[in-house]
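# Results of the structural survey
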Amino acid sequence: MAYDLGAVVPLRWTVRDDAGTPADAGSVTLTLGLPDGTTVTVSPVAPASTGVYVHRYATVQAGRHTVRWVAFGLNAGAYTDSFDVRPAEPAAILSLADAKAMLNKTSDESDDEIRGWIESITAGIEGLCGPVVVQTVTEQHRVRHAGSIVLRRTPVLSLTSVQPVLTGGASYAVDDLIVDEATGVVERLDGGTLHGPLRITYLAGRRIVPAAITAAARIILQHLWRTQQGPARPQPGVGDYDVTEPVQGFGYAIPNRALQLLEPYRLPPGVA
């Protein structure tokens, strides 16, 4: 389960003696590895009850966090874990309310699991159709007096900046450039060449999400929820669980009716 940025994560570890019974250690240290490579150390951690050590960590960075508990002295031991923190604005084609309506869920007991599926489905659809949720993309392109640059994430909404990677390199004002939204091709308005390496920042995605993409996301959500929550796992080749059109990296995750809705928006072959 991923936590929202700013949420307080309850971290817990139980120290046990040789018989497997909860028992206090001589001392316990907790070290958190943050996504930016820095660490936070809490030492010593006092037991909340016999053998049970708890720390509530207020998150300040999005990304993967590592958790390392170490017990010293009496009942020495160690335990390592991890947790993820969502960015402040996670990409999501469906809102939680829309997803719950599709699944006929009225309570909040499954909200975190549903939100996780929404993130996964969004990534899957964007892998097939390009960015859907509006997002900032930064890329480096190495060009040598080229007439154009092809951005990697389409559709492109607008250019934000084009800056040199190397000191003393040429920069280009975005007002002097034109970008083809569908193909991501960037060219100079005066027909000149571009020279780099260049760091290009731009907005990609769709300000208006096509109804077919939203409908496909609902269908995929319902399908994945059913395969995970149903009384028995489906058998390949049976009903809507079967996917006869190969989708690299997805297997049986996307039913055919969702693929048909996405077809008009699929990226051309070879475009990621």
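Check the entry above for the structure.
Residues numbered from 1 in each chain as written. Predicted model: local features only at pLDDT ≥ 70, side-chain atom pairs only at ≥ 80, totals over all residues. Heavy atoms only, no water.

## Looking at the packing of aromatic side chains
Scanning all chains against the criterion turns up three aromatic pairs. For the ring pair Y3 and F83, a centre distance of 6.0 Å and an interplane angle of 85 degrees mean the geometry is edge-to-face. Residue Y3 is located in strand β1 (residues 2–3), and its partner F83 is located in strand β8 (residues 77–85); the two are separated by 80 residues in the primary sequence. Judged by relative accessible area, which is 19%, Y3 ranks as buried. For F83, a relative accessible area of 7% corresponds to the buried category. Aromatic pair W13 and W69: ring centres 6.1 Å apart, planes at 35 degrees, arrangement tilted. Residue W13 is located in strand β2 (residues 8–14), and its partner W69 is located in strand β7 (residues 63–72); the two are separated by 56 residues in the primary sequence. Look at W13 and you get buried, because its relative accessible area is 10%. (Phe/Tyr/Trp six-rings, centres within 6.5 Å; stacked < 30°, edge-to-face > 60°. Helix = DSSP H or I, 4+ residues; strand = E, 2+ residues; numbered from the N terminus. Buried < 20%, exposed > 50% of the residue type's maximum accessible area, 1.4 Å probe, protein only.)

## Section: the pattern of salt bridges
In the structure shown here, the tally under the stated rule is nine salt bridges. For D4, the salt bridge is made with R86, and the minimal N-O distance between the two is 3.7 Å. Within this pair, whereas D4 is found in the loop between β1 and β2, its partner R86 is found in the loop between β8 and α1 (96–103), the two being separated by 82 residues in sequence. Measuring nitrogen to oxygen at the nearest pair gives 2.8 Å for the salt bridge that ties R188 to D190. (Salt bridge = Lys/Arg side-chain N within 4 Å of Asp/Glu carboxyl O.)

## Overview of helix α2 (residues 111–129)
Taking 1.5 Å per residue, 19 residues should reach 27 Å; α2 reaches 26 Å between its end C-alpha atoms and fits that length. Among the residues trailing α2, G130 stands out with phi positive, at a value near 85 degrees. (Expected span 1.5 Å × (residues − 1).)

## Considering the sheet that holds strand β9 (residues 135–141)
A sheet is described by the order of its strands in space; here three strands give the open sequence β9-β14-β11, paired in antiparallel fashion. Of all strands in the sheet, those with a lone pairing partner are β9 and β11 (156–164), marking the two edges. Direction aside, the axes of adjacent strands within the sheet are offset by 20 degrees on average. Pairing of β11 with strand β14 (residues 198–204) involves seven bridges; the strand directions are antiparallel. Bridge pairing links Q163 to R199 in β14. (Pairing = 2+ DSSP bridges. Axes fitted to C-alpha atoms, helices over the stretch in contact; angles between N-to-C directions.)

## Observations regarding the environment of A217
Considering the arrangement of structural elements, one finds A217 in helix α3 (residues 211–229). We classify A217 as buried; its relative accessible area is 1%. For A217 and A92, which are 125 residues apart along the polypeptide, the C-alpha to C-alpha distance reads 9.9 Å. Not counting residues within four places of it along the chain, the set of residues in contact with A217 comprises I93, L94, I121 and I125. (Contact = heavy atoms within 4.5 Å.)

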